[in-house]
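Summary of the model geometry
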Amino acid sequence: QVQLVESGGGLVQAGESLRLSCAASGRTVSSLRMAWFRQAPGKEREFVASIPWTVAKTYYADSVKGRFIISRDNAKTTLYLQMNSLKPEDTAVYYCAARLETSGSYNYWGQGTQVTVSS
């Protein structure tokens, strides 16, 4: 089993920044691929970014590329999402997710943290 706990959400104005954190436990993190997803009211959950624990190869959705940075701290078993130049359309509940490197879908999820960006 994998337990994920997000934190760092809040209310900010357009153009400002936030950093989200995700603490992972319950399984050797080196065997996992980690990701951030988000879900706005009335919309489906969408992929934001991902990174393995052992290889520095990142993936980003086109909507956040150049503004968001995903990173990790192996010693703290923590995943981060640095969000810069925030826009009102970034408003959503942000979720931390994990899957085995051999799995095709994310099946471990955190409780989510709210990010609201005002214009």
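Anything mentioned here points back to the structure above.
The sections below set out a description of the structure shown in this document.

Quick notes on the rules
- Residues numbered from 1 in each chain as written.
- Predicted model: local features only at pLDDT ≥ 70, side-chain atom pairs only at ≥ 80, totals over all residues.
- Heavy atoms only, no water.
- Pairing = 2+ DSSP bridges.
- Helix = DSSP H or I, 4+ residues; strand = E, 2+ residues; numbered from the N terminus.
- Axes fitted to C-alpha atoms, helices over the stretch in contact; angles between N-to-C directions.
- Buried < 20%, exposed > 50% of the residue type's maximum accessible area, 1.4 Å probe, protein only.
- Contact = heavy atoms within 4.5 Å.
- Polar contact = N/O pair within 3.5 Å; in protein donor to acceptor, adjacent residues only side chain to side chain.

For the rest of this paragraph, the subject is the sheet that holds strand S7 (residues 68-73). Strand pairing in a sheet relies on backbone hydrogen bonds. The paired strands run either parallel or antiparallel. Pairing is antiparallel across the open sheet formed by 4 strands, whose spatial order is S1-S3-S8-S7. In this open sheet, the two edge strands, each paired with only one partner strand, are strand S1 (3-7) and S7. Strand-to-strand, the axes of this sheet are offset by a mean angle of 15°, without reference to chain direction. Judged from the 6 bridges that link them, strand S3 (residues 18-25) and strand S8 (residues 78-83) form a sheet pairing that is antiparallel. Paired with Arg19 across the two strands is Gln82, which belongs to S8.

For Thr77, which is not glycine, the phi torsion reads 45° and is therefore positive. Mapped onto the elements, Thr77 comes out in the loop between S7 and S8. Residue classification places Thr77 among the partly exposed residues on the basis of a relative accessible area of 25%. Positive phi values are uncommon outside glycine, yet Ser85 reaches one of about 50°. Among the secondary structure elements, Ser85 is positioned in the loop between S8 and strand S9 (92-100).

Counting through the fold element by element, Gln114 comes out in strand S11 (residues 113-118). Taking the C-alpha atoms as reference, Gln114 lies 9.0 Å from Ser7; in sequence the two are 107 residues apart. With sequence-adjacent residues up to four places away left out, Gln114 is seen in contact with Gly9, Gly10, Thr91, Ala92 and Val93. Within the structure, the side chain of Gln114 is placed 3.5 Å from the backbone oxygen of Ala92, a separation counted as a polar contact.

Remember, this is a structural readout, not a statement about activity or role.
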